[in-house]
Amino acid sequence: MALDFSFLMTETSVGDGRRYVDWLLQGLGWTLLISISAWCIALVLGVVMGIFRTLPSKLARALGTVYVEVFRNIPLLLQLFLWFYVLPELLPERWGEWLKKDLNASVTWTNFFSEYIFSSIGLGFYTAARVAEQFRAGIQSIPMGQTLAAQSLGLTLFQRYRLLLIPQAARIAWPVLTSECLTVFKNSSLAMTIGLLELTGQTRQISDYTFRTFEVFLVSTLLYIFVSLVVTFIMRSLEHKMMRS
Amino acid sequence: MVHLEWSIVTENLPYLAKGLMLSLGLCVLSAILGGAVLGTLLAVLRFSEYPWLRRTVESYVNLMRATPFLMVMFWFYFLVPLLLKTLLGPDSVASIDAFYSALIAFALFEAAYFSEIIRAGIQAVPVGQVNAARALGLTVFQRYRWIILPQAFKKMTPVLLTQCIILFQDTAVVYIVGLPDFLGTIKRIAERDGRMVEGYLFAAVVYFLISFLASKAVDRLKTGRVE
């Protein structure tokens, strides 16, 4: 079985003047864009929800728990469908129409803007539930003595969290958050199901067009591995920096 | 607000039930074959005395953990028939039912994750136990079978069961290769009848109930152990 990678440099049969390798790189671009956007959402929302679950307020704890349970127990794929297909229907008609038509038209650099937005939001909210749990575990693993000392020093709740609990929890949860970041990156592949051709979707499309299935899948898998290694390396070096501070 | 009509659910219950059975079946089979059997094997091999064996297993686990499951599933769905064709000749009618390629993909993929959990469990077994087993003259197989693995599994049961729940949620993805699992069936019916809202909301409720109740049961198992 001969492996032939030259097809990557040939022009696509669709006649859009680009090569297959351009398609592949565009897919990679979407993957990275979705992953980074979703990760930002997930970090902010996840840390907030994780904190909520440890606050003295019963309302905050309930809110955090409901959020985590809802977004953790529904498959990510179904969540993407709910955001993309169901949400516009449930909103008031004007908003729903705007989401379905005008959102895409509002930017010129791509035709898939609403797919990108919903993929990022869906992936972000799902990952936030997991980050919330990990951050909560981090906060709860801080010895009770710290909290008692902070209270006896007269620190307010806000100060206690900001100066004491959050930094320590971040340090404790960092390794788990690294693996969570990789998970986000891998889960971005699900965006292909709502039509956004990120790396996996693009791989499949190229395979359909060129029939060089093995070669293109090999290249894509290597790309995923490569990005995983880079992300792991970045997170580990940040971890070393944190340990030293 | 939109008017919701749930008839799409009530009229199609037999199909939905079949889809759910497929999802659950896929989940259970791959958890047993991939998770328990292959995962344990991989975990044990990580402690082998041969470096090449250790490194092979490590590379395999890292490969599976660096690749999206969707990609792994495509690998098996598209490439296994191709491989069979090259091996058996271009004229052979080699095709694998999508269910089996999905099952193999799941089993091999999840085995990596399960093996990490079991490996942590093996490492948590007190060294004294292992030494005592050695001192008693047990063979490697006996050591693992009677001393190490039972203790490792007992410790990791909640984590393993949680991974099974995650596995169940991951099965939703197989509709992409055409398998009529629960989500796939709902999707097809919802798109045919144009009732996506009701269909997906119903699917969300079902998945939520199953996963939520299962994780509560696992929690109960955890607290039940504290004596």
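Residues numbered from 1 in each chain as written. Chains lettered and ligands numbered in written order. Predicted model: local features only at pLDDT ≥ 70, side-chain atom pairs only at ≥ 80, totals over all residues. Heavy atoms only, no water.

### Observations concerning helix 2 (residues 58-73) of chain A
Counting along an α-helix, one turn takes 3.6 residues, and residues three or four places apart therefore face a common direction.
Residue and element names in this part refer to chain A.
Part 1: The terminal C-alpha atoms of helix 2, which comprises 16 residues, lie 22 Å apart, in line with the 22 Å expected from a rise of 1.5 Å per residue.
Part 2: Residues of helix 2 that are buried include every one of Ala60, Gly64, Tyr67, Val68, Glu69, Phe71 and Asn73, and no others.
Part 3: The N-cap residue of helix 2 is Ser57: its side-chain oxygen and the backbone nitrogen of Leu59 are 3.3 Å apart. (Helix = DSSP H or I, 4+ residues; strand = E, 2+ residues; numbered from the N terminus. Expected span 1.5 Å × (residues − 1). Buried < 20%, exposed > 50% of the residue type's maximum accessible area, 1.4 Å probe, protein only. Polar contact = N/O pair within 3.5 Å; in protein donor to acceptor, adjacent residues only side chain to side chain.)

### What to know about the pattern of salt bridges
All names here are of chain A.
Part 1: Applying the stated criterion across every chain, the model contains 14 salt bridges over all chains.
Part 2: Among the salt bridges present, the one from Glu133 reaches Arg72, with a minimum N-O distance of 3.9 Å. Here the residue Glu133 occupies a position in helix 5 (residues 113-140), and Arg72 occupies one in helix 2, the gap between them amounting to 61 residues.
Part 3: With a relative accessible area of 14%, Glu133 lands in the buried category.
Part 4: Judged by relative accessible area, Arg72 falls into the partly exposed class, the value being 31%.
Part 5: Counted as one network, the salt bridges with shared partners bring together Arg53, Glu69, Arg72, Glu133 and Arg136. (Salt bridge = Lys/Arg side-chain N within 4 Å of Asp/Glu carboxyl O.)

### Regarding the packing of helix 3 (residues 51-66) of chain B against helix 5 (residues 98-124) of chain B
Residue and element names in this part refer to chain B.
Part 1: Viewed as axis vectors pointing N to C, helix 3 and helix 5 meet at an angle of 115°, and their least axial separation amounts to 9 Å. When the axes of helix 3 and helix 5 are compared, the pair comes out roughly perpendicular. Where helix 3 crosses over helix 5, the handedness of that crossing is left-handed. Residues Tyr60, Val61, Met64 and Arg65 of helix 3 touch helix 5, and the partners they reach there are Leu108, Phe109, Ala112, Tyr113, Ser115 and Glu116.
Part 2: Per-class residue counts for the contact of helix 3 with helix 5 are 7 nonpolar, 1 polar and 2 charged. (Axes fitted to C-alpha atoms, helices over the stretch in contact; angles between N-to-C directions. Parallel < 35°, antiparallel > 145°, perpendicular 65-115°, else oblique. Left-handed = near helix turned anticlockwise from the far one by under 90°. Contact = heavy atoms within 4.5 Å. Nonpolar A, V, L, I, M, F, W, Y, C, P; charged D, E, K, R; others polar.)

### Let's talk about the confidence of the model for chain B
Residues and elements named next belong to chain B.
Part 1: In this model, chain B carries a mean pLDDT of 86, and residues with pLDDT of at least 70 account for 94%.
Part 2: Ranking the elements of chain B by mean pLDDT puts helix 1 (residues 7-11) last, at 76, and helix 3 first, at 92.
Part 3: Quick note on the complex model: pTM equals 0.88, ipTM equals 0.86. (pLDDT = per-residue confidence, 0-100.)

### With respect to the packing of aromatic side chains
Part 1: Inspection of every chain in the model, using the stated rule, returns 30 aromatic pairs over all chains.
Part 2: Pairing Phe99 of chain B with Tyr100 of chain B gives two aromatic rings, centres 5.6 Å apart and planes at 80°, and the pair type is edge-to-face.
Part 3: Here the aromatic residues Phe81, Phe84, Tyr85 and Phe118 of chain A together with Tyr175 and Tyr200 of chain B are joined through ring pairs into a cluster of three or more.
Part 4: The residue whose ring lies beneath Arg145 of chain B is Trp146 of chain B, and the NZ or CZ to ring-centre distance is 4.1 Å. (Phe/Tyr/Trp six-rings, centres within 6.5 Å; stacked < 30°, edge-to-face > 60°. Lys NZ or Arg CZ within 6 Å of the ring centre and 35° of its normal.)

### Focus on the packing of helix 5 of chain B against helix 7 (residues 140-170) of chain B
Residue and element names in this part refer to chain B.
Part 1: Following both chains from N to C, one finds helix 5 and helix 7 inclined at 140°, their axes separated by 8 Å at the closest point. In terms of axis orientation, helix 5 runs oblique to helix 7. Both helix 5 and helix 7 take part in a crossing whose hand is right-handed.
Part 2: Taken together, the residues that form the contact of helix 5 with helix 7 break down as 18 nonpolar, 2 polar and 3 charged.

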